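Spelled out from the first residue to the last, the chains are:
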Amino acid sequence: MNTTVMSLTARALLGRRRVLMLIPMPLVLIGLTLIGIMTGEEPAHWGPVVFGNLGLGVILPLTALIVGSSVLGLEIDDGTITHLLTKPLPRSEIVLSKLCVAWLVTTVATGVPLAVAGLIAGSAALAGGLVCGALLGSLAYCSLFLALSLLTKRPVAVGLVYIMLWENLLVNFVDGVRVFSVKQHATTFANAIAQSDMLDDTLSVTTAMIVAAIFVAVGIYGATTKLRSFALTGEAN
Amino acid sequence: MTAVELTEASRWYGNVVAVNDVTLTVGPGLTGLLGPNGAGKTTVLHLMAGLLSPSQGTVTIGGKPAWRNPDVYRTLGLVTERESVPGFLTAWEFVLASAKLHKLPDPAAAARTALGIVEMESAQDRAISTYSKGMRQRTRVAAALVHDPGVLLLDEPFNGMDPRQRLHMMELLHRMAEEGRTILFSSHILEEVEQLSGTVQVIVAGRLAASGDYRHIRRLMTNRPHVFTIESSDNRRLATVLIGQESVSAVTLTDGTLQVHASDYGTFARALAKLAKASGIRLTGILPADESLEKVFSYLVAT
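Residues numbered from 1 in each chain as written. Chains lettered and ligands numbered in written order. Predicted model: local features only at pLDDT ≥ 70, side-chain atom pairs only at ≥ 80, totals over all residues. Heavy atoms only, no water.

A. Molecular detail of the side chain of Arg140 of chain B. All names here are of chain B. Turning to its location among the elements, Arg140 is positioned in helix α4 (residues 133–145). By relative accessible area, Arg140 is classed as buried at 3%. Each residue touching Arg140, except ones within four places of it in the same chain, is listed here: Val79, Thr80, Glu81, Arg82, Glu83, Ser84, Val85 and Phe94. (Helix = DSSP H or I, 4+ residues; strand = E, 2+ residues; numbered from the N terminus. Buried < 20%, exposed > 50% of the residue type's maximum accessible area, 1.4 Å probe, protein only. Contact = heavy atoms within 4.5 Å.)

Okay, here's the thing in structure tokens:
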């Protein structure tokens, strides 16, 4: 871990207008929770939709996608990556530092509104569970999307396909797919702590943890390997 | 002393060969990498800087491979052509961050020294996005110099600089070369290389076309006949006057267009206006027909 890389990454990330895209989604989450409370419906009816499908299923991955694909991807796009690459730093150090910032930012950006929504829904346990779910989910998602930003030219498109088609569509039709869905890992982990009827978990906690850990490991390994032999093209003539 | 060595190095992108079987050694001092646009200069520099893998052959810095070896950056500094700097940082923050990334024992002192070398101290606390092109360039040089590298590679360092900034940068490169560093800079402008460097490596179409003392290469270039297209009030009469000159090797008059091949460029250039005036002919245009660098280089390659 390298604090200089981390602070530069954080400044680059938070100084961009792109970061403003993170603001509306949490507001929608909190708004919907308020509406859910005011309708007086059973929380078990709307809870899974708001916290599971929207919170951990859409807001978390989208935030992680924006952040995870930016921490290294933007530097590759604008060419400032050469400054980092021409330093005697182990490539794993660069990847881990970037991932750490992405993880932290995503966790704060999603964990805080999820906790607020959980508290509004009336349960501290739910709030705690959601934060833990966000913590685990954002690590797995960010690893995945950070690796994608190095391995593909269109990380956001590929990331969206994974989130929308794999996690939110295919899961409904093919049962085994859910094992490889970070959304399911996050939800399972959250509910293991929250024990709430407002979350629908479908995996065993052990499976969720192991597969999420594999996601993280593969993401870090893929990103580091790719960065190690990162060839500067485009400008070359 | 650290030398940069390419041994039978080639690099291709798909079907396009960017660098073709180049063998060269760059030692201490100032060396110019000269070539027309698209000749492969950037590819050569990126190969040396370990940012590209050679498709064939080897590239070493001080005997160690450049590719997949981050340790070479302890002795190597690179200033890319692309003006990619994080504009939200100040020069001080940027150079200091570079020093920290190099894990120098005293990053602040190193950053101060580097900014002093490029004389950027007075503006060092302003955001880089507010700088002129020359200031950005100097800031990037400072960042590349902060760890006191033995090898410095600069890709088109004079692009977009005004004459004063150019002069400043030239002095800087000279000074650093005298300190015993290996400095290689690329350029597509012959005069820049001439003013700066005794040794040149000429790259044309991905191949090493010439290598060695610039005076020799320059002579090869100036000895070739220069072709001019001339417009005047009386082309036919001017043609007869010019063919009588020692410095003119051939004159052609096609459809009223006058083309002159000058064997001695300097004498011809000095004599032309006087001759025209003495004969009462008014010159309305003189265009060098083959002054493009590509032509110069192709001549060089042909010899």
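B. Region of the structure containing the domain arrangement of chain B. Splitting chain B by domain gives domain 1 (4–219) and domain 2 (223–302). Between the C-alpha centres of domain 1 of chain B and domain 2 of chain B the distance comes to 39 Å. (Domains from an automatic or database assignment.)

C. The UniProt feature "transmembrane region" (unreviewed entry) in chain A, seen in detail. Within this structure's numbering, the places UniProt gives as "transmembrane region" (unreviewed entry) are residues 20–38, 50–74, 95–120, 126–148, 155–174 and 203–223 of chain A. When the span residues 50–74 of chain A is considered, its composition is 92% helix and 0% strand, and the gap between its end C-alpha atoms is 31 Å. (UniProt positions renumbered as here; feature names shortened; annotations may be inferred.)

D. Layout of the packing of helix α3 (residues 43–70) of chain A against helix α8 (residues 155–173) of chain A. Residue and element names in this part refer to chain A. At a closest axis distance of 10 Å, the pairing of α3 and α8 adopts a crossing angle of 160 degrees. Taken together, the axes of α3 and α8 lie roughly antiparallel to each other. As for the relative orientation of α3 and α8, their crossing is right-handed in sense. In contact with Gly57, Val58, Pro61, Leu62, Leu65 and Ser69 of α3, α8 contributes Pro155, Val156, Gly159, Leu160, Ile163 and Asn168. Classifying every residue of the contact of α3 with α8 gives 8 nonpolar, 4 polar and no charged. (Axes fitted to C-alpha atoms, helices over the stretch in contact; angles between N-to-C directions. Parallel < 35°, antiparallel > 145°, perpendicular 65-115°, else oblique. Left-handed = near helix turned anticlockwise from the far one by under 90°. Nonpolar A, V, L, I, M, F, W, Y, C, P; charged D, E, K, R; others polar.)

E. Representation of a nonpolar patch on the surface within the structure. Residue and element names in this part refer to chain A. Residues Val156, Leu160, Val161, Met164, Leu165, Trp166, Leu169, Leu170, Phe173, Val174 and Phe180 make up a contiguous nonpolar surface patch of roughly 950 Å² in combined accessible area. Following the sequence through the fold, Phe180 ends up in the loop between α8 and α9 (182–194). Residue classification places Phe180 among the partly exposed positions, given a relative accessible area of 45%. (Patch = residues over 30% accessible without salt bridge, like charges linked within 9 Å, V, L, I, M, F, W, Y side chains within 5 Å. Areas by Shrake-Rupley, 256 points an atom, 1.4 Å probe, with all protein chains shown as cover. Salt bridge = Lys/Arg side-chain N within 4 Å of Asp/Glu carboxyl O.)

F. Summary view of the layout of surface pockets. Approximately 260 Å³ is the volume attributed to the second largest pocket. In terms of lining residues, the second largest pocket is bounded by 20 residues, among which Leu8, Glu75 and Thr80 of chain A together with Pro86 and Leu89 of chain B are the most central. Contributing elements (two or more residues each) for the lining of the second largest pocket: α1 (3–14), α4 (73–78) and α5 (81–85) of chain A together with α2 (91–101) of chain B. For the lining of the second largest pocket, the class distribution of residues is 10 nonpolar, 5 polar and 5 charged. (1 Å grid on protein atoms, 1.4 Å probe; cavity = no way out; pocket = protein on both sides within 12 Å on 5 of 7 lines; lining within 4 Å. Points joined across faces, edges and corners; volume = space filled by probe spheres on them.)

G. Summary view of the packing of aromatic side chains. All names here are of chain A. Enumeration according to the criterion identifies 5 aromatic pairs over all chains in this entry. Ring centres 6.2 Å apart and planes at 40 degrees place the aromatic pair Trp46 and Phe51 in the tilted group. Look at Trp46 and you get buried, because its relative accessible area is 12%. (Phe/Tyr/Trp six-rings, centres within 6.5 Å; stacked < 30°, edge-to-face > 60°.)

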